[in-house]
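# Chains, contacts and geometry: an overview
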Amino acid sequence: MSGVRQRRGARFPAVPGVFHNTNWDLYWELVPGRKPWKKISFISGGIVGISLGILTAVYVATLHENEQWFSNISEVEREISFRTECGLYYSYYKQMLQAPSILRGLQDLIYDNKTESLRIINILKRMNVYQEVYLSILYRIFPIENYLEPVYFYIYTLFGLQAVYVGALYVTSWLLSGTWLSGALAAIWYITNRLDTTRVEFSIALRENWALPFFAVQVAAITFLFRPHLHPLFEGPTLLAVFISTFLFSLTWQFNQFILLIQALVLFSLDCLDLLPNSKVTSIYIIQVASLLLVYFLQFFNSMIIGSLFLSFNISCLLARRFQKKLKTGSFFTRLGKLFLHVPCVLCSTLLINASIKRVFKLDSDEHIFKFLKAKFGFGATRDFDANLYLCETAFGFLPSDTFMRLKDTLVFHSYMFVLLVMIFATAAVAFHNLSGNIRAAYILQKCIALLKPGAAYNLVHTILFGLLALSTMRMKYLWTSHMCVFAASGLCNGDMWGLILRLFNLHTPRRVTVMRYLTPILIIFFLFYKFWPGMKAELSKLAEFYDPDTVDLMNWIKFIKCMQKGPQKMSTGSSSPLAQTLSYWRTAFVMEEHIAGAVDCVTFLM
């Protein structure tokens, strides 16, 4: 018998929103036979990831050996093979090893009178060389010399970091897609696009080769931190991983403040659109500030750090947190108006804080950077020498078009643009839904919300902003191209993305989603293997040798002049290490090759 009862509320389908508490892992626990398979898949994925990381390290190390015949050339030739500033950084590592003690080596770096003529400078303050100091201390403390020469310990450490780099990319893609197959595709894309993802095999000691692996670990940790249902027990260790990786990244690269500023802009924009959890964003802001301040103290109060826009922006964002809760109330147009008012206020307060800090501490160490940017983008010429020196460098020019041709050959660029367009569509739909405050959602919108989890939203804006940075500055492309591999692979292996696409064309079935999710990356991997494996084998079989007799003669001549100046007695009792005798001429060669050549180009440019 039918009757009437009190209405209990509308029955809308559950929307798996960004902060929904549905336990997605419950499915795997309830379906019979799936939990053991999940464990096997997890172990298999871990083995594949570790293997791909080690293979990448061995691959670039083999290429370096085959190109230079590094094991056969003399020590002086090995040191000459560290071109431009790479040789300068390596010389500090050797100087620490040749010092009578660790404390004496540190003292010589703090009061250095060899790098710049007639000046005593603090190397630890001026340059990011703590990694060389740390390696030299490890080499002295542990019996590594029984197994490896100093130069091999140095280069193998950097090649080993490539394994960490690829492993972090693998984990990030796995976290975003839910399958380790996307991690494998990301790693393979990283290797096949080696010319545009890394230059470690021919510019070993560049600061970016130290820093980017730690940055990739940080991005992986942030992606894991933004998982919708992360257990509280895992949140603390994840934040610790974010802090350690951020600190190591900041300590090892001079461009740390600019990269962290872009990352802070990513967090700020997504937080304003209510796409990230507030508490976790605040924690990352604090971690970034704490990491950079720690580097500030370790670098003897480097003025460029304390006067950076990044530090001022993060302080401004943390101050604005008190008022940001009011942004997330009201109708669509009310929230939009608050947003348009909030963003300029944060940016203006950033400039105000930055100007105040520079005025109080009397800082102007980064003025040449703003002059360079002003001249680069056509807002007026500059007579500043440092700014024009950057303008003469090809690495600081715009990204050349042939980069995209190489990326298209491996299908990574096509895949990236496809995933990017789908994710932008989903982001626009979810952002409009969040700003409107409407609880009801259409089925397509539910699919967009399911696709745009916080980690996916972060990586989307991350890849867009770092893509713009790469387009404007070629040297920064390595931040973008490696993440391009991750983002493209994670999208192609994402069941939510294929579900959304098939639903738009009325072709959705669970079986079709599964087929597209796994068949697409497998076909691409087979294509890459078929097209690039013969070339990689030929590259590995190609044998060459470092040959630069003119520079070797120059180094020997400078060593002879140095010995003549020391007198006959010191000549006969000279140091047993070739580098100890040639440290000064190494730095002279660096200045001759890098700065003097750049100065000549700049003079020509100014004329």
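Keep in mind it's a predicted model, so treat the numbers as computed, not measured.

### Digging into helix H9 (residues 180-192)
A rise of 1.5 Å per residue sets the reference length of H9, with its 13 residues, at 18 Å; its end C-alpha atoms lie 19 Å apart and thus fit the reference within 8%. Among the residues of H9, Leu181, Ser182, Gly183, Ala184, Leu185, Ala186, Ala187, Trp189, Tyr190, Ile191 and Thr192 are the ones counted as buried.

### Observations concerning the pattern of salt bridges
In this structure the tally under the stated criterion is 14 salt bridges. With a shortest N-O distance of 3.2 Å, arginine 119 and glutamate 116 are connected by a salt bridge. The partly exposed category is assigned to arginine 119, whose relative accessible area is 49%. A salt bridge links arginine 126 to glutamate 116; the nearest nitrogen and oxygen atoms lie 2.6 Å apart. Note that arginine 126 is positioned in helix H6 (residues 123-126) and glutamate 116 in the loop between helix H5 (102-110) and H6, a separation of ten residues in sequence. A residue is classified by how much of its surface remains accessible, and arginine 126, at 45% relative accessible area, is partly exposed.

### Quick word on empty space enclosed by the protein
Applying the stated criterion to the full structure yields six cavities of 30 Å³ or more. Roughly 110 Å³ of internal volume is contained in the largest cavity. For the largest cavity, the full set of lining residues is Tyr165, Leu169, Thr172, Leu212, Phe215, Ala216, Val219, His462, Leu479, Ser482, His483 and Val486. For the lining of the largest cavity, the elements supplying multiple residues, two or more each, are helix H8 (150-177), helix H11 (207-225) and helix H24 (477-492). Space inside the second largest cavity adds up to approximately 90 Å³.

### Focus on unusual backbone geometry
With a phi close to 60°, phenylalanine 301 is a non-glycine residue in the positive phi region. Locating phenylalanine 301 in the fold gives a position in the loop between helix H14 (278-298) and helix H15 (303-306). The residue leucine 411 is not glycine, and still its phi comes out positive at about 70°. Mapped onto the fold, leucine 411 is located in the loop between helix H20 (402-409) and helix H21 (412-436).

### Let's talk about the confidence of the model for the protein
Averaged over every residue, the pLDDT of the protein is 83; residues scoring 70 or more account for 81%. Of all the helices and strands in the protein, helix H1 (residues 26-30) carries the lowest mean pLDDT, 36, while H11 carries the highest, 96. Every residue in residues 1-33 is under pLDDT 50, and counting partners more than four places away or in other chains gives 31 contacts. Low pLDDT (under 50) marks residues 569-607, which in the prediction has 64 contacts with non-local residues, meaning those over four places away or in another chain.

### Points about a nonpolar patch on the surface
A cluster of nonpolar side chains, contributed by Leu554, Trp557, Phe560, Ile561 and Met564, occupies part of the molecular surface with about 490 Å² of accessible area. In this structure, isoleucine 561 sits in helix H27 (residues 549-566). For isoleucine 561, a relative accessible area of 30% gives the class partly exposed.

### Side note on the side chain of asparagine 66
Residue position: asparagine 66 is located in helix H2 (residues 34-68). Reaching out from asparagine 66, the side chain makes a polar contact with the backbone oxygen of leucine 540 at a distance of 2.6 Å. For asparagine 66, the residues in contact, after removing those within four places along its chain, are Leu540, Lys542, Leu543 and Ala544.

Each value, and the rule that gives it
Residues numbered from 1 in each chain as written. Predicted model: local features only at pLDDT ≥ 70, side-chain atom pairs only at ≥ 80, totals over all residues. Heavy atoms only, no water. Helix = DSSP H or I, 4+ residues; strand = E, 2+ residues; numbered from the N terminus. Expected span 1.5 Å × (residues − 1). Buried < 20%, exposed > 50% of the residue type's maximum accessible area, 1.4 Å probe, protein only. Salt bridge = Lys/Arg side-chain N within 4 Å of Asp/Glu carboxyl O. 1 Å grid on protein atoms, 1.4 Å probe; cavity = no way out; pocket = protein on both sides within 12 Å on 5 of 7 lines; lining within 4 Å. Points joined across faces, edges and corners; volume = space filled by probe spheres on them. pLDDT = per-residue confidence, 0-100. Contact = heavy atoms within 4.5 Å. Patch = residues over 30% accessible without salt bridge, like charges linked within 9 Å, V, L, I, M, F, W, Y side chains within 5 Å. Areas by Shrake-Rupley, 256 points an atom, 1.4 Å probe, with all protein chains shown as cover. Polar contact = N/O pair within 3.5 Å; in protein donor to acceptor, adjacent residues only side chain to side chain.

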